[in-house]
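Topology and contacts: notes
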Amino acid sequence: LRNDSKMRMVSKFDCENASCKADIIAEIVAANVMVDTEFLNAEAHFDGERLESANERLRKLLDEIIYEALDHQFKKSREFLGQLLHTVQDFYSHSNYIEIGGRSDFENLGFPDAFRNRLPPPNAKVCKKCFKDDRKCLMNNMNDAVIKNQWLTSGYFMELRPKGRCDHSINPTGYLLNKISNFRSRSYGINKDSPHFKTSPHYHLFNEAIEAALHSSIRFIMTVYDDLKRMNNEELFSEIIGID
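Residues numbered from 1 in each chain as written. Predicted model: local features only at pLDDT ≥ 70, side-chain atom pairs only at ≥ 80, totals over all residues. Heavy atoms only, no water.

Examining a nonpolar patch on the surface
The criterion, for reference: Patches were defined on residues exceeding 30% relative accessible area and lacking a salt bridge, with like-charge contacts within 9 Å and nonpolar side-chain contacts (Val, Leu, Ile, Met, Phe, Trp, Tyr) within 5 Å. Here the open area of atoms and residues is found with the Shrake-Rupley method and a 1.4 Å probe, where only the protein chains shown may cover a residue. Salt bridges, as used here, are contacts in which a Lys or Arg side-chain nitrogen is within 4 Å of a carboxyl oxygen on Asp or Glu. Secondary structure elements are taken from DSSP: a helix is a run of H or I of four residues or more, a strand is a run of E of two residues or more, and numbering for both begins at the N terminus. For each residue, the accessible area found with a 1.4 Å probe, counting protein chains only, is set against the maximum for its type, and the residue is called buried under 20%, exposed over 50%, and partly exposed in between.
Taken together, the side chains of Phe39, Leu40 and Met158 present a nonpolar region at the surface, about 290 Å² in accessible area. The topology assignment puts Phe39 in the loop between helix H2 (22-34) and helix H3 (51-70). A relative accessible area of 30% places Phe39 in the partly exposed class.

Written out as structure tokens, the structure reads:
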């Protein structure tokens, strides 16, 4: 999702119904945004069908947040929290969860075996080929078998896309890469990072991705609170998140 969307989601949870500390929220947002510099790290963005390894990243980051908080290293905890939220939010904009009907939190996300029996077979054709400017085709470029079997997949970003699989499409990191990605892969693109067709072939599902990512982000933040509470250290949560 676009960085401004991520910033709104973090601040909405923290500041809407509580007194929040802007500098602490800024630390979390900055860590979230910085993950975009790791554009070669598919697991950080749920790219390239790395769903299982990206899910394991979420589990490890949750552990790191708690570990650093127990050691009173709250700045480090916030850094890991920002990274966690970025990856959570990218699941909804980079995978096809929304395309197969998901409209809220994917409740298995972050749990072991979250994607058991949900991944397409290696030889399955997942995305249909469309002309790069054919909006109607691009908006419905999931093959019927994906919808029927509720398979979960994601687009390839900086890696070569296997035949019949999906692409992220437009690469937002620079003009040259934009042109290369546009030439190479727009016809298979599924990203919902923005509400604009020029950068996101599935721009029409942007709001649905935002809504689902918000619900999921709140769940992961509350998971941190619940884990600390089980350890009788719930007071550390306010230090991490910056609320009174």
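Here we look at the state of the cysteines
When the sulfur atoms of two cysteines share a covalent bond, that bond is a disulfide. We apply this condition: Pairs of cysteine sulfur atoms within 2.5 Å are what we label disulfides.
Under the counting rule described, the total for this entry stands at 2 disulfides. Disulfide pairing is shown between Cys127 and Cys166; the S-S distance is 2.0 Å. Across the S-S bond of Cys127 and Cys166 the torsion is about 95°, and the bridge reads as right-handed. Remark: Cys166 occurs in the loop between helix H6 (144-149) and helix H7 (175-185) and Cys127 occurs in the loop between helix H4 (74-94) and helix H5 (135-138); sequence separation between them is 39 residues. An identical accessibility class is assigned to Cys127 and Cys166; each is buried. Through a disulfide, Cys130 is tied to Cys137; the S-S separation comes to 2.0 Å. Given an S-S torsion of about -75°, the disulfide between Cys130 and Cys137 has left-handed geometry. For Cys130, a relative accessible area of 4% gives the class buried. Given a relative accessible area of 23%, Cys137 falls into the partly exposed group.

Quick word on helix H8 (residues 206-230)
We apply this condition: In this scheme, a helix's expected span is set at 1.5 Å multiplied by one less than its residue total.
If you check H8, its first and last C-alpha atoms are 36 Å apart, about what 25 residues at 1.5 Å a residue would give, namely 36 Å. Note on H8: the residue one or two positions beyond its end, Asn232, has a positive phi of about 60°.

A few points about the packing of aromatic side chains
Operational definition: Pairing of aromatic rings covers Phe, Tyr and Trp, the last counted by its six-membered ring, and requires centre-to-centre distances within 6.5 Å; plane angles under 30 degrees mean stacked, over 60 mean edge-to-face, and any other angle means tilted.
Inspection of the entire model under this criterion finds 11 aromatic pairs. Their ring planes at 65° and their centres at 5.1 Å tell us that Phe46 and Phe91 sit as a pair that is edge-to-face. Taken together, the positions of Phe46 in the loop between H2 and H3 and Phe91 in helix H4 put the pair 45 residues apart, joining distant regions of the chain. Taking the relative accessible area as the measure of exposure, Phe46 reaches 0% and is therefore buried. Residue classification places Phe91 among the buried positions, given a relative accessible area of 0%. Each residue in the set Phe46, Phe91, Tyr92, Tyr97, Phe106 and Phe115 is aromatic and connected to the rest through ring pairs, giving one cluster.

Focus on H4
Three- or four-residue spacings in an α-helix give side chains the same orientation, since the helix completes a turn every 3.6 residues. With 21 residues, H4 extends 30 Å between its outermost C-alpha atoms, agreeing within 8% with the 30 Å of an ideal straight helix rising 1.5 Å per residue. For H4, the tally of buried residues reaches 18 of 21 residues, placing the bulk of the element in the interior.

Quick word on unusual backbone geometry
The phi dihedral of Asn117 is positive, around 60°, even though this residue is not glycine. As for its placement among the helices and strands, Asn117 is situated in the loop between H4 and H5. The phi dihedral of Asn232 falls on the positive side, at around 60°, and the residue is not glycine. Mapped onto the elements, Asn232 comes out in the loop between H8 and helix H9 (235-241). Given the relative accessible area of 63%, Asn232 is considered exposed.

Side note on the nonpolar core
Basically, it comes down to this: We call a set of buried Ala, Val, Leu, Ile, Met, Phe, Trp, Tyr and Cys residues a nonpolar core when their side-chain atoms join them within 4.5 Å. Only heavy atoms enter the contact rule, under which two residues are in contact if any of them lie within 4.5 Å.
With 48 residues, the main nonpolar core has Leu81, Leu84, Tyr92, Leu109 and Phe115 as its most contacted residues. Looking at this core, the elements that each hand over two or more residues are H3, H4, H8 and H9. Beyond its immediate stretch of four places on either side in the chain, Leu109 contacts Phe46, Asn55, Leu58, Val88, Phe91, Tyr92, Ala114, Phe115, Ser216, Arg219 and Phe220.

These figures capture arrangement, not role.
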